[in-house]
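Coordinate inspection notes
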Amino acid sequence: MVLNIGPQHPSTHGVLRLKVKTDGEIVSEITPIIGYLHRCFEKHCENLSYEQVIPYTDRCDYIASMNNNFGYVVAVEEMMGIEVPERVEFIRVIMAELNRIASHLLALGTYGLDIGAFTPFLYMFRDRERILDLLEMTCGARLLYNYMWVGGLSHDLPVGFVEAAYDFLDYFEPKVKEYNDLLTYNKIFIERTADIGVMPAEVAINYGVTGPNLRGSGVAWDLRKAEPYSVYDRFEFNIPVGQGIVGTVGDCWDRYWVRVQEMLESVKIVRQALQQMPSEGDVHAALPKKVRPPKGSIYKRTESPRGDLGYYIISTGKPVPYRVKMRSPAFTALSVLDEIARGWMISDVLAILGSLDIVLGEIDR
Amino acid sequence: MSQDILNILKNAFPSAIVEQETETGDYLEIKPGEWFEIATFLHDTPELHFDSLQCITGVDWGPEAHLEVRYNLHSMKHKHKLEIRIVLDRETPEVPSVEKIWRVADWFEREVYDMYGIVFTGHRDLRRILLPDDWIGWPLRKDYETPETYHGIVVPKIKEEWE
């Protein structure tokens, strides 16, 4: 039997259609059909100046816009050889990590919802709200920030931000135990996710799966450690990897658990960044008069909450990029679905899909 | 790209390499013909061990010029990188598919095909991925003209030039 899941379905996290071939309850083949949200991001980029591309990157992965900005500006800065003031680097890291926590909270909350646990969703959204408040305080927007510019930031931190950020971290850290009690070690949740959709490390690498999904398979690969960009080499943090605590390494529960641990690591990074951040510095000091990278091309990748976010930019020395290609981590994560979900039940497919944490805005671009 | 990688490749495939690395970066231009063999070699040779294909980018150098495909490879074990560039003829752009070696190339190649019309020979399921199946034309080519309507829906005009 062929079953259509989506394009409008609560568990597809956007507009995604899955064509599922089944034999009774057992899935024999999945064909994801994507492109419903295609907005020609790459074509638009060829008609916009380098600065004008930044708001478009916001709209790709709209759950973690700061990280999208970050990847793009780091790539353009490397092309142009701009040295960014230290304060700017620290603020960027703080914003990116706060946004990472917010993104993981959304991923975990909706994952619980997919499985049938309604309460954790409300708890996690309550806390995500506080991060959005912090980001709103900084740049005025709650979802699409356009905060990081090539060579700097749109605004400096507002008065009182550092205190508010510390307040949030103190509030947030104990809450992780609450999530663990509610969802992580919940018997029903474990039954639904442990040993389900096991992704071996070789399969993950071959399919280009990165980020928490790859780490869930037991590979300690994190670009913040492996190829440190910005000031990530100055912070102490661990790379949580899946250990198969309740099941097999690389199952849905491991991917979930890696995200929970990563939030705690991000808290550590934000704390250190707040302490080490220079208190003075002009965030506009290094803004170039004209963003016009020299002829050439660059492939730069950074660690977004979903994995390796790469930008391939080709410049011909004009104020508009000749080509911008975005290598989206969710795109590759979705392509592995068919491989790991074959042989499972239909209800497990939704558990596996949710554990991959895809954002369709980024897949379709 | 280190000199070692270049030497290993030159010894194995003396005729396929077009151009050596230049000042702008670490890349290698090769001819499309032997690409599948080179890719297998890059993936399987223990000293190279390029197990991860990062990205496939299509480029159009204008209506008078050629198309190009660029592959960014990375090795999780040796932590080295390599960029492969393949220049293709505009009229019959064909390049061997590497989707059997790196499965991630499956969707990447479909995307490049979708946007540029570059045919990856040997691909198991080469069809459009982001655009609808009945779309006409290759949108990321520089000479693409936006259709005025799609199934009776008027397509809003975008600005021609950046101001």
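Residues numbered from 1 in each chain as written. Chains lettered and ligands numbered in written order. Predicted model: local features only at pLDDT ≥ 70, side-chain atom pairs only at ≥ 80, totals over all residues. Heavy atoms only, no water.

1. Some points on the environment of Asn4 of chain A
Residue and element names in this part refer to chain A.
- Examined against the element boundaries, Asn4 turns out to sit in strand E1 (residues 2-5).
- Separated by 120 residues in the primary sequence, Asn4 and Met124 place their C-alpha atoms 30 Å from one another.
- Excluding residues within four positions of it along the chain, Asn4 makes contact with Arg17, Leu18 and Lys19. (Helix = DSSP H or I, 4+ residues; strand = E, 2+ residues; numbered from the N terminus. Contact = heavy atoms within 4.5 Å.)

2. Side note on the sheet that holds strand E7 (residues 307-315) of chain A
All names here are of chain A.
- With antiparallel pairing, the three strands of this open sheet are ordered in space as E6-E7-E8. The sheet terminates laterally at strand E6 (296-304) and strand E8 (323-327), the two strands that pair on one side only. Here the average twist between neighbouring strands, direction ignored, is 15°.
- Two strands pair when backbone bridges link them, and E7 and E8 are joined in this way by five bridges, in the antiparallel orientation. Within E8, the residue paired with Gly310 across the bridge is Arg327. (Pairing = 2+ DSSP bridges. Axes fitted to C-alpha atoms, helices over the stretch in contact; angles between N-to-C directions.)

3. Section: the nonpolar core
- By size, the foremost hydrophobic cluster in this structure holds 164 residues, and its most contacted members are Ile34, Tyr147 and Ile358 of chain A together with Trp35, Leu42, Tyr71 and Ile84 of chain B.
- By residue number, the principal contributor to this core is helix H4 (residues 86-115) of chain A, which donates 14 residues. (Core = buried A, V, L, I, M, F, W, Y, C linked by side-chain atoms within 4.5 Å. Buried < 20%, exposed > 50% of the residue type's maximum accessible area, 1.4 Å probe, protein only.)

4. Details of the state of the cysteines
Residues and elements named next belong to chain A.
- Scanning all chains against the criterion turns up zero disulfides over all chains.
- Left unpaired, Cys40 is separated from the closest cysteine sulfur, that of Cys45, by 11 Å.
- With no disulfide of its own, Cys45 lies closest to Cys60 among cysteine sulfurs, the gap being 7.6 Å. (Disulfide = S-S within 2.5 Å.)

5. Notes on helix H2 (residues 35-44) of chain B
- Of the residues making up H2 of chain B, those classed as buried are Trp35, Ile38, Ala39 and Leu42 of chain B. For H2 of chain B, the buried positions fall inside an angular range of 100° around the axis, keeping them on one side. (Arc of directions from axis to C-beta.)

6. Some remarks on the interface of chain B and chain A
- Between chain B and chain A, the residue contacts involve 41 residues of the former and 41 residues of the latter.
- Of the roughly 3500 Å² buried between chain B and chain A on both sides combined, carbon and sulfur atoms contribute 59%.
- The tally of links between chain B and chain A comes to four salt bridges.
- One salt bridge in this structure joins Arg365 of chain A and Glu111 of chain B, with 3.2 Å as the shortest N-O distance.
- At the junction of chain B with chain A, the criterion picks out 21 residue pairs in polar contact (both at pLDDT 80 or more). (Buried area = accessible area lost by both parts, 1.4 Å probe. Salt bridge = Lys/Arg side-chain N within 4 Å of Asp/Glu carboxyl O. Polar contact = N/O pair within 3.5 Å; in protein donor to acceptor, adjacent residues only side chain to side chain.)

7. Quick notes on the pairing of strand E5 (residues 81-88) of chain B
Residue and element names in this part refer to chain B.
- Burial within E5 is extensive, with six of its eight residues counted as buried.
- Looking at chain direction, strand E2 (residues 27-30) and E5 are connected through four bridges and run parallel. The residue bridging Tyr27 from the neighbouring strand is Glu83, located in E5.
- Bridge analysis of strand E4 (residues 67-74) against E5 gives eight bridges, and the strand direction is antiparallel. Its bridge partner lying in E5, Asn72 is registered against Glu83.
- Between E4 and E5, which pair antiparallel and follow one another directly, the connecting turn spans six residues, one of which, Lys79, has a positive phi of 60°.

8. A few points about the side chain of Asp51 of chain B
- Take Asp51 of chain B: it is sitting in the loop between H2 and strand E3 (52-60).
- Of the buried charged residues, Asp51 of chain B lacks a salt bridge, with Lys77 of chain B as the closest side chain of opposite charge at 8.4 Å.
- In terms of polar contacts, Asp51 of chain B uses its side chain to reach the backbone amide nitrogen of Met76 of chain B, at 3.0 Å.
- Ignoring any residue separated from it by four or fewer positions in sequence, one finds Asp51 of chain B in contact with Ile205 of chain A together with His43, His74, Ser75, Met76 and Trp102 of chain B. (Lys, Arg positive; Asp, Glu negative; His and termini not counted.)

9. Thoughts on the pairing of E6 of chain A
- With seven of nine residues buried, E6 of chain A lies mostly within the body of the structure.
- As consecutive antiparallel partners, E6 of chain A and E7 of chain A are separated by two residues.

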